[in-house]
Amino acid sequence: MSSENSTNQGGGGYDSDFMSNFSPSLVHRIMLTPPNRLDSHSFHSRSPTITFRKVLLQEGFLTNTQVQSKQRTTNNDDDNDGNIEDASEARRVFQRPQEESSSPSQMPLHESISRTMMRAFHDVLLSQLSQSQNYDPLLDIVLDMQSKLKSLIPHRTDLHEKFKLDLDQVKRCLETFEGILKLLCDFAQRLMQLESEERSVSTQDWIHVAMDIQQQQLQLQQQRQQEHIDDDSASGGQEPIVRFFCREDSNEQDATMTMNNAHPHDTVPAHHRIQLSCNKFIVASVYFVHSKIVQCQSDVADFQFGHFLAPKIRAHGIEFLKQDFEQRFGSFDSLLRNNDVQVPNMKIWLTEIIESCSVITEERQGLLTSEEKRVETLIQRGWVDSILFRSPRTVESEEGSSGYDGNYAGNKEESVDNHGHGNGNGHAHEKHNTSGKFYMPEIFYLDTAEVKEIRLVTKMSVVGSALALHATNIAGAKDNVLRQDPLPHEIQQCRTKLIHAMGNRAIGRQELYEQAVGDAVVELARELNPHFECNAAQEDILRSRTAATMRGEDPVINLLDNRMRAIFVK
């Protein structure tokens, strides 16, 4: 460490060694966080609590199972059990709309690949277990779980002995189903002591399932001993199975009550009776407990980051981001003195802002004399008008060749690479800009993805509102039908389908895209007014207005777009 760095650190100056551990994007995100919310900051958004039921569904463990669904109410205690042996039907019973959105065909590509690889890993484990007389293939995972549990309390060496397991003891546990299940219960109970109260609920639920199965196995063994039946004869040569109840998640229970118009006091959580092979149950349980330990590690890391690291990063953030900008585009002094512009996009952007005020002499004079006026103009005209709501506002323009471009540049004459280093003198930018092309000012080099997301959300909101308005008018529905909170379940489903159709640009040609959106709008119109019988002429009108709206040619778009712009200005 240099003497300069040491001096800076000791005197409370800029700590370059400390800040070198963090990326500019992370520092930038922290600088945008209000100081009173730094303790809630994390490396990434807080993940939902993992539940055993979600593991069974999302990781494919329910395939070829027998499921019985039981809904208990205080008004009716009768058990209405129904055997569902078909796997697709079992999934239909279990899945709710929020889970369907996580199907492999709809989830992000990286998540789909990750889940596919995990399922393949589980298949390999199940294949190894089917050829083994014990659970030795799980040894490495079990040892990793033990190591991760100890890492959650690195400074509590007095507790490490409680988390320590002898290797021979672990191997003995892996010899039988009862042994591995007891070991997993031990891990889960230790994990509960380290988790938050909210997180520990799903761990406790799994422990209850495991303890019920342990009791079943004990009773089964006692019965076999009394009847002098060995395990092979009892199973008939087939793989042993376990049966258990799995409680429905609370958020899904809320959705069920909403759909059934049930009162919270009339309904208790639904339980689903599940049948799995012993090997499949153990692999699913190992995955669940291991995932819960990893989630606990993430929670601990996020707590430490938000309470200890983030405040220090914020203290050094301005100097860090200033240095990063100068490394990419040159020092601020050289940018002011050098006529060979190294930030051409920002120059064009500022020129547009000034020219938009040049019509009114008093307004332009205010920019020279009032810092408050400069800030107001920069936000309203530079940010809202020139970036967020820059025309054209068609749905396809975000990814098309016209309108907003998420990059700093995008033509052969002038380009900026991923690090933001420019080449050329910027004339190509000015030439391209006159034809409607716009490039993100260099000062926003860390905000490109977020700005594009904001533009997309506002644009989708405007276009979706226009399409809903057309559907309401054509259907002759009441103007307050879409103001209900919450929306009726059927209308909410149509809304979800419309949003999915609008976002599904990968469907193919523009005609196919507009047709899919048109189908969703027509379905919405029929649902808004049950008495509406959409004839061919009305459907053609609705589809033509849909296409015009999607292309930004409908006058309603401009009206709603201006309303949305006014909201952002305020």
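Residues numbered from 1 in each chain as written. Predicted model: local features only at pLDDT ≥ 70, side-chain atom pairs only at ≥ 80, totals over all residues. Heavy atoms only, no water.

Trainee: Hey, could you run me through the overall build of the chain in this one?
Mentor: Helix and strand counts for the chain come out as 25 helices and 8 strands. Across the 570 residues in the chain, those meeting the buried criterion constitute 41%. (Helix = DSSP H or I, 4+ residues; strand = E, 2+ residues; numbered from the N terminus. Buried < 20%, exposed > 50% of the residue type's maximum accessible area, 1.4 Å probe, protein only.)

Trainee: Help me understand the packing of aromatic side chains, please; the structure alone is not making it clear to me.
Mentor: Note on aromatic pairs: each is described by the distance of the centres and the angle between the planes. Taken as a whole, this structure holds 12 aromatic pairs when the rule is applied. When the centroid spacing of 5.8 Å and the interplanar angle of 85° are considered together, the rings of Phe52 and Phe281 count as edge-to-face. Of the two residues, Phe52 is situated in helix α4 (residues 52–58) and Phe281 in helix α15 (residues 278–329); the sequence distance between them amounts to 229 residues. Here Phe52 and Phe281 have matching classes, each one buried. (Phe/Tyr/Trp six-rings, centres within 6.5 Å; stacked < 30°, edge-to-face > 60°.)

Trainee: Any chance you could explain the environment of Leu524 here in plain terms?
Mentor: When you line up the elements, Leu524 lands in helix α23 (residues 510–528). What makes Leu524 buried here is its relative accessible area of 4%. In this structure the C-alpha to C-alpha distance between Leu524 and Glu490, which are 34 residues apart in sequence, comes to 9.1 Å. Contact partners of Leu524, with chain neighbours within four places excluded, come to Ala468, Ala471, Ile491, Cys494 and Leu498. (Contact = heavy atoms within 4.5 Å.)

Trainee: What is the right way to read the packing of α23 against helix α24 (residues 536–550) from this model?
Mentor: Each pair of packed helices can be described by the angle between their axes along with the distance between the axes. With their axes 9 Å apart at the nearest point, α23 and α24 run at an angle of 125° to one another. When the axis of α23 is compared with that of α24, the two are oblique. You can see that α23 and α24 cross each other, and the crossing is right-handed. Contact residues: Tyr513, Glu514, Gln515, Val517, Gly518, Asp519, Val521, Val522, Ala525 and Arg526 in α23; Glu539, Leu542, Arg543, Thr546, Ala547 and Met550 in α24. Of the residues belonging to the contact of α23 with α24, the class tally is 8 nonpolar, 3 polar and 5 charged. (Axes fitted to C-alpha atoms, helices over the stretch in contact; angles between N-to-C directions. Parallel < 35°, antiparallel > 145°, perpendicular 65-115°, else oblique. Left-handed = near helix turned anticlockwise from the far one by under 90°. Nonpolar A, V, L, I, M, F, W, Y, C, P; charged D, E, K, R; others polar.)

Trainee: Which parts of the structure should I look at to understand the packing of helix α17 (residues 344–357) against helix α19 (residues 371–388)?
Mentor: Between α17 and α19, whose axes approach to 10 Å, the crossing angle comes to 110°. What the angle tells us is that α17 and α19 run roughly perpendicular. The element α17 and its partner α19 pack so that their crossing is right-handed. Between α17 and α19, the residues in contact are Trp349, Glu352, Ile353, Ser356 and Cys357 and Thr377, Leu378, Arg381, Gly382, Trp383, Ser386 and Ile387, respectively. Residue composition of the contact of α17 with α19, by class: 6 nonpolar, 4 polar and 2 charged.

Trainee: Help me understand unusual backbone geometry in this model?
Mentor: Glycine aside, negative phi is the norm for most residues, and most peptide bonds take the trans geometry. In this chain, Asp485 is followed by Pro486 through a cis amide linkage whose omega measures 0°. Within the secondary structure layout, Pro486 lies in the loop between α21 (448–475) and α22 (489–503).

Trainee: Help me out: how do you make sense of α22 in this one?
Mentor: Working note: α-helix, 3.6 residues per turn, so residues spaced by three or four point in the same direction. The first and last C-alpha atoms of α22 sit 21 Å apart over 15 residues, in line with the 21 Å expected at 1.5 Å per residue. If you check which residues of α22 are buried, you get Ile491, Cys494, Leu498, Ala501 and Met502. When α22 is viewed along its axis, its buried side chains cluster within an angular range of 95° and face the same direction. Buried-residue contacts for α22 involve α21 and α23. (Expected span 1.5 Å × (residues − 1). Arc of directions from axis to C-beta.)

Trainee: So what exactly am I meant to see when it comes to the pattern of salt bridges here?
Mentor: Evaluated as defined, the whole model comprises 14 salt bridges. The residue Asp144 makes a salt bridge to Lys148 at a minimum N-O spacing of 2.9 Å. With a gap of 4 residues between them, Asp144 and Lys148 both fall in helix α8 (residues 139–151), about one helical turn apart. A salt bridge links Arg190 to Asp186; the nearest nitrogen and oxygen atoms lie 2.9 Å apart. (Salt bridge = Lys/Arg side-chain N within 4 Å of Asp/Glu carboxyl O.)

Trainee: Which parts of the structure should I look at to understand the side chain of Glu514?
Mentor: You can see Glu514 is positioned in helix α23. What makes Glu514 buried here is its relative accessible area of 10%. Side-chain polar atoms of Glu514 contact the side chain of Arg551, separated by 2.6 Å. In contact with Glu514, other than residues within four places in its own chain, are Ala547 and Arg551. (Polar contact = N/O pair within 3.5 Å; in protein donor to acceptor, adjacent residues only side chain to side chain.)

Trainee: Honestly, the nonpolar core in this entry has me stumped. Any pointers?
Mentor: Where a protein is soluble and globular, its nonpolar side chains tend to be buried together. In terms of nonpolar packing, the biggest core is built from 62 residues, with Val27, Ile313, Leu467, Leu498, Val517 and Leu524 touching the most fellow members. Top element by residues in this core is α21. It accounts for 9 residues. If sequence neighbours within four positions are ignored, Ile313 has contacts with Phe18, Met19, Phe22, Val27, Ile30 and Phe305. Counting 53 residues, the second-largest nonpolar core is a separate cluster that includes Leu57, Cys185, Val209 and Val242. (Core = buried A, V, L, I, M, F, W, Y, C linked by side-chain atoms within 4.5 Å.)

Trainee: In this structure, what is going on with the side chain of Thr51? I would like to understand it.
Mentor: In this fold, Thr51 is placed in the loop between α3 (24–31) and α4. Reaching out from Thr51, the side chain makes a polar contact with the backbone nitrogen of Lys54 at a distance of 3.2 Å.

Trainee: Help me understand a nonpolar patch on the surface, please; the structure alone is not making it clear to me.
Mentor: Taken together, the side chains of Leu109, Ile113 and Met117 define a hydrophobic patch exposed on the protein surface, amounting to about 350 Å² of accessible area. Structurally, Ile113 can be placed in helix α7 (residues 109–130). (Patch = residues over 30% accessible without salt bridge, like charges linked within 9 Å, V, L, I, M, F, W, Y side chains within 5 Å. Areas by Shrake-Rupley, 256 points an atom, 1.4 Å probe, with all protein chains shown as cover.)

Trainee: Would you mind going over α15 with me for this structure?
Mentor: When the terminal C-alpha atoms of α15 are compared, their 61 Å separation across 52 residues is substantially less than the 76 Å that a helix rising 1.5 Å per residue should span. The principal kink in α15, of about 55°, is found at Gly317. Positive backbone phi, approximately 100°, marks Gly330, located one or two places after α15. (Bend = angle between axes of the 7 residues up to and from the residue.)

Trainee: Could you clarify how one ought to interpret the environment of Gln515 in this entry?
Mentor: Along the chain, Gln515 falls in helix α23. Sequence spacing of Gln515 and Arg543 is 28 residues, and the spatial spacing of their C-alpha atoms is 7.8 Å.

Trainee: Is there a simple way to think about the confidence of the model for the chain in this case?
Mentor: Low-confidence regions, as indicated by low pLDDT, have predicted coordinates that should not be scrutinised in detail. The share of residues in the chain with pLDDT of 70 or more is 72%, and the mean pLDDT across the chain is 75. Looking over the chain, one finds the lowest element-wise mean pLDDT in strand β6 (residues 415–416), namely 31, and the highest in helix α11 (residues 177–192), namely 93. Considering only residues more than four positions removed or in separate chains, one finds that residues 1–11, a stretch of pLDDT under 50, has 9 contacts. In this model, residues 64–102 is a region of pLDDT below 50 whose contacts with residues beyond four sequence positions or in other chains number 76 contacts. (pLDDT = per-residue confidence, 0-100.)

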